[in-house]
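Read off the chains here:
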Amino acid sequence: MIIFGPVPSRRLITSLGINNILPPKQCSYSCVYCQVGETSNKSMFRTELYKPQHIYEKVKSHLKKLDLTHRPKYLTIVANGEPTLDINLGTLIRQLQQLGLPVAVITNASLLDKEHTRNDLYNADWVSVKIDSVNEASWKKINRPYIWLNLDAILEGIKIFSNDYKGILNTETMLVEGYNDSISDIQNTAKFISGLKPNKAYISIPTRPPVEKGVKPVSEARIAEAWQIFKNHNINVETLTGFEGTDTGYTGDAQADILTISSVHPLREDTIDELLEKDSADHSVLEQLIQNGKIKKSSFNGFNYYTRTYNT
C-alpha cells in the first residue's frame, strides 16, 4: 500500500500520499492520538525498506491513471509510521522530484538529531515537523517515544535543521485534552517554535478515531488561547480543526483505492460514498473488505470512519 489519493489536504490543497514504510506500522513514536493504530514495531534505527526506484515507478504509474483534474499539487511522503526510518529517503525524494511536482515530507522529527536524517530531508521542497510539547513529561505521555530517544537531542536537531533548510518549513502541534494543553506547556512550545521561524505553525486536534479511546480534542476556548499564545510569539499560526473534504483521486479500482487511502488516511463514510460512485462501484465492495477483515469501522465525533487493518 505505497500510493494513496490524491486526497484533499488542509496544508497542501491536494496531495498524492506516499507510504514509504513497510507494514505493519513502524514508528519511533506510538502517539495516543494516532489515526492508524498502535505502533507494531517501535524503533529509532533507520533501515532499508522499499527500493526508491520501486516507489518512483509506482508513483509514475499512478499519476498516469489519474484524471487531469485530480493531478496533485504535491507528492507527500506521509507514512503509516515515521518516514525518516527509511535510510533511502534522500534518494527517494530526489527521484520523485523528477516527476515535476514538489515533494513534501511530514515527519515526527524524532530522528533529526542525526546528521544523515537532516541531510536527507534537506532535499525536500516542503517539510512539516511535529512538536507536540517541549516538556519531557508531556512528550512522553502524548508521543510515547522509543525508550532511547532523547527530547533535548531532538529539539537541538530541529534547531539545526531549521537553520540550514532552504525549503518551506512548517511545524505541527497536536493538542489533546489532559496531555499537553496546559497554558505553561503551550507557552513553552510556542517559545521554542518561534525560534525556528517556520513558514507556518499548525495547531491541530484529533479529527479521526484515535488509537486510545479516551483521547479528546481540546475545547474551542483552549484552541483560541493557544492560537493567541502562538501569535504573541510572532508566529504565523493556523488551526487545523475541520474536515478537509470528500474529494479524493480515484483509479477505477474501488477496492484498491479504499485500501491504499485508508492505510494511512482513515476514510469518513461520506468520502467512501463519493469514492465508490467515482469508481462506478457499490457498497458490496466495502462490505466485502470489512467481512474479510481488511477494513475496520469505527466512530468518532458523530461520524463513521473506515481504516485499513493488517490482520489478514
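Provided above is the structure to which this section pertains.
These numbers come from a predicted model, not from an experiment. (Residues numbered from 1 in each chain as written. Predicted model: local features only at pLDDT ≥ 70, side-chain atom pairs only at ≥ 80, totals over all residues. Heavy atoms only, no water.)

## Brief notes about unusual backbone geometry
Part 1 of the argument: For I13, which is not glycine, the phi dihedral falls at a positive 70 degrees.
Part 2 of the argument: In this structure, I13 sits in strand β2 (residues 13-18). (Helix = DSSP H or I, 4+ residues; strand = E, 2+ residues; numbered from the N terminus.)

## Overview of helix α4 (residues 136-143)
Part 1 of the argument: Considered for burial, the residues of α4 that qualify are S138, W139, I142 and N143. One side of α4 holds all its buried residues, which, seen down the axis, span an arc of 100 degrees.
Part 2 of the argument: Buried residues along α4 sit against β7 (126-130), α5 (151-164), β8 (168-174) and α6 (183-196).
Part 3 of the argument: Downstream of α4 by one or two residues, R144 has phi in the positive range, about 45 degrees. (Buried < 20%, exposed > 50% of the residue type's maximum accessible area, 1.4 Å probe, protein only. Arc of directions from axis to C-beta. Contact = heavy atoms within 4.5 Å.)

## Observations regarding the side chain of S43
Part 1 of the argument: Here S43 lies in the loop between β4 (41-42) and α1 (52-65).
Part 2 of the argument: Not counting the four nearest positions on each side in its chain, S43 is found in contact with C27, S28, L85 and Y146.

## A word on the environment of L240
Part 1 of the argument: Here L240 shows up in strand β10 (residues 237-240).
Part 2 of the argument: According to the relative accessible area criterion, L240 is buried, its value standing at 3%.
Part 3 of the argument: Between the C-alpha atom of L240 and that of Y202, which follows or precedes it by 38 residues, the distance is 6.6 Å.
Part 4 of the argument: Discounting chain neighbours no more than four positions away, the residues touching L240 are R10, R11, E172, Y202, I203, S204 and I205.

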